[in-house]
Amino acid sequence: MPSGRTHDRITLWSLPVVVFVSLLLTGSSALTLSVLGGFLFGGLMLGPDLDTRSIHFRRWGWLRWIWVPYRNSIAHRSPLSHGPIIGTTLRVLYVLVLLGLAIAVGMALINELLNLTWTWGQLRGTLELGVVRYGRFLAAAAVGLELGALSHYTVDWGLSSYKQVRKRYPTEGIRALLIPFQPSRRRKATPQRRAKRPMPKKPPQPAHPPRKQRRRTSDPPKPRRPEQQGSPYHEVDLPDFRNR
């Protein structure tokens, strides 16, 4: 799979295209900025790889611990994390739930320490007013979040499909997706086919010199030469020096 740096480069390279299409469709610079902010946040911070120990997980700094339950409960590259719309929606809801718990604890502490009377009704009214007033910008940011995650999904799916095609069609490669053809399959060798195959001829071996034949014990001994019969030393006539 592509590394985190590769996904970051793809997100940054896609940025001009997102800006151009947003301006073309909305005609508003404010909505384009909302889409741009959501796209960068969804591609760099709220990416699908938060289900593993990735660069998106490390970018949260000392707040990365909030993603530990999410990472332990969802398998890597499952439809709940890498599924279109489903993955982004689940991550946004996860962040909103944690944010709601933090706001509840904060309100309880502030009311206890400062003797204030903040209620959930007041908070709900403020949130409803903000949603009504800035609903278009929130919707544009949500579209940007999904586009940022979609760039990640597209690269992962494309690379996985390419590897499967290369594995199934090692000689045709990417042409297998473009040109319809019959894949070449090797026929299994049966015993009958093995028998019909001609055996390769061995190259002629060089002629070795004949070995010396050892004398058998039953063979008669070879006759000795006259000088070798009797004493192993030759008899030599020495002059007689006694009468001199």
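Everything below is about the structure shown above.
Note that this is a predicted model, so its numbers are computed, not measured.

Colleague: Hey, could you run me through unusual backbone geometry in this one?
Modeller: Apart from glycine, the bulk of residues carry a negative phi angle, and the bulk of peptide bonds sit in the trans form. Not every positive phi belongs to a glycine, and I85 is a case in point at roughly 70°. Mapped onto the fold, I85 is located in the loop between helix 6 (79–82) and helix 7 (86–114). Under the relative-accessibility criterion, I85 is labelled exposed at 56%.

Colleague: What should I look at first to understand the environment of A149 in this one?
Modeller: Here A149 lies in helix 9 (residues 135–168). Among the residues examined, A149 registers a relative accessible area of 1% and is labelled buried.

Colleague: Sorry if this is basic, but what is going on with the packing of aromatic side chains here?
Modeller: Two measures describe an aromatic ring pair: the distance that separates the ring centres and the angle between the ring planes. Under the counting rule described, the total for this entry stands at 5 aromatic pairs. Joined through ring pairs, the aromatic side chains of F41, W60, W67, Y70 and Y94 make up one cluster. The ring of F57 has R71 lying over it, and the distance from NZ or CZ to the ring centre is 4.9 Å. Residue placement shows R136 over the ring face of F137; its charged tip is 5.5 Å from the ring centre.

Colleague: For this particular structure, what's the right way to read the nonpolar core?
Modeller: The nonpolar side chains of soluble globular proteins are, as a tendency, buried together. Listed in full, the 11 residues of the largest apolar core are M45, L46, L50, F57, W60, I66, W67, Y70, I74, Y94 and L145. With sequence-adjacent residues up to four places away left out, I74 is seen in contact with D51, L80, S81 and L90. Residues L15, V35, L36 and F39 belong to the second largest nonpolar core, which totals 7 residues.

Colleague: Honestly, the environment of S28 in this entry has me stumped. Any pointers?
Modeller: Structurally, S28 is set in the loop between helix 2 (15–26) and helix 3 (29–44). Of the residues examined, S28 reaches a relative accessible area of 23% and is grouped as partly exposed.

Colleague: Looking at this structure, how should I read the layout of surface pockets?
Modeller: Unfilled space is identified by rolling a water-sized probe across the atoms. Estimates place the volume of the largest pocket at around 410 Å³. Forming the walls of the largest pocket are 14 residues, and the residues nearest its centre are V92, L96, L138, A142 and L145. For the lining of the largest pocket, the secondary-structure elements that each account for two or more residues are helix 3, helix 7 and helix 9. Within the lining of the largest pocket, the residues separate by chemical class into 10 nonpolar, 3 polar and 1 charged. The volume enclosed by the second largest pocket comes to roughly 250 Å³. L96, L99, G100, I103, W120, L123, L127, G130, V131, Y134 and L138 together form the lining of the second largest pocket. When residues of the lining of the second largest pocket are traced back to their parent elements, those giving at least two are helix 7 and helix 8 (120–133). When residues in the lining of the second largest pocket are grouped by element, the largest group, 5 residues, is from helix 8. The residue inventory of the lining of the second largest pocket, partitioned by class, reads 9 nonpolar, 2 polar and no charged.

Colleague: What is the right way to look at the side chain of S22 in this model?
Modeller: Mapped onto the secondary structure, S22 falls in helix 2. Judged by its relative accessible area of 9%, S22 falls in the buried class. Looking at S22, its side chain comes within polar contact range of the main-chain oxygen of V18, at 2.7 Å. Beyond its immediate stretch of four places on either side in the chain, S22 contacts G27, T32 and V35.

Colleague: Would you explain a positive patch on the surface in this entry?
Modeller: Judged by side-chain charge, R5, R9, R53 and R58 come together as a positively charged surface patch. Here R58 is to be found in helix 4 (residues 55–58). According to the relative accessible area criterion, R58 is partly exposed, its value standing at 45%.

Colleague: What exactly am I supposed to notice about the pattern of salt bridges here?
Modeller: Note on pairing: side chains with opposite charge can pair once their charged atoms come close. For the structure shown, the criterion picks out 1 salt bridge. A salt bridge links D8 to R59; the nearest nitrogen and oxygen atoms lie 2.4 Å apart. Of the two residues, D8 is situated in helix 1 (residues 4–13) and R59 in the loop between helix 4 and helix 5 (68–73); the sequence distance between them amounts to 51 residues. You can call D8 buried: its relative accessible area is 7%.

Criteria and thresholds
- Think of each chain on its own: its residues are numbered from 1, step by step along the sequence as written.
- Only residues with pLDDT of 70 or above have their local features reported here, since the model is predicted, and side-chain atom pairs are shown and tallied only from 80 upward, although totals for entire chains, interfaces and linings are computed over all residues.
- Only hydrogens and water are set aside when side-chain values are computed; all heavy atoms of the structure are taken into account.
- Each helix is a run of DSSP H or I of at least 4 residues and each strand a run of E of at least 2, with the numbering of both proceeding from the N terminus.
- For every residue, the accessible area obtained with a 1.4 Å probe (protein chains only) is divided by the maximum for its type, and the residue is called buried under 20%, exposed over 50%, and partly exposed between those limits.
- Aromatic pairing here means that ring centres of Phe, Tyr or Trp (its six-membered ring) are within 6.5 Å. Orientation follows from the plane angle: under 30 degrees is stacked, over 60 is edge-to-face, and everything else is tilted.
- A positively charged side chain is recorded as over a ring if its NZ (Lys) or CZ (Arg) lies within 6 Å of the ring centre. The angle to the ring normal must also be within 35 degrees.
- In this text, buried Ala, Val, Leu, Ile, Met, Phe, Trp, Tyr and Cys residues form a nonpolar core when linked through side-chain atoms within 4.5 Å.
- In this description, contact between two residues means that some pair of their heavy atoms is separated by no more than 4.5 Å.
- The way it works is a 1 Å grid over only the protein atoms, where trapped points that fit a 1.4 Å probe form a cavity and open points with protein on both sides within 12 Å along at least five of seven lines form a pocket, and then any residue with an atom within 4 Å of a point lines it.
- Grid points are joined across faces, edges and corners, and a volume is the space filled by probe spheres set on the points.
- The nonpolar class holds Ala, Val, Leu, Ile, Met, Phe, Trp, Tyr, Cys and Pro. Asp, Glu, Lys and Arg form the charged class, and all remaining residues, Gly among them, are polar.
- Polar contact is defined as a pair of N or O atoms within 3.5 Å, subject to the rule that within protein one atom must be able to donate a hydrogen and the other to accept it, and that residues adjacent in sequence are counted only when both atoms are side-chain atoms.
- Only residues whose relative accessible area exceeds 30% and that take part in no salt bridge are eligible for patches, with like-charged residues grouped when within 9 Å of each other and nonpolar side chains (Val, Leu, Ile, Met, Phe, Trp, Tyr) grouped when within 5 Å.
- Reported accessibility uses the Shrake-Rupley method at a 1.4 Å probe radius. Residues are deemed covered only where the shown protein chains occlude them.
- In what follows, salt bridge is the name for a side-chain nitrogen of Lys or Arg lying within 4 Å of a carboxyl oxygen of Asp or Glu.
- Counting rule for charge: Lys and Arg are taken as positive, Asp and Glu as negative, and neither His nor the chain ends is counted.
- The atoms used to mark charge sites are NZ of Lys, CZ of Arg, CG of Asp and CD of Glu.

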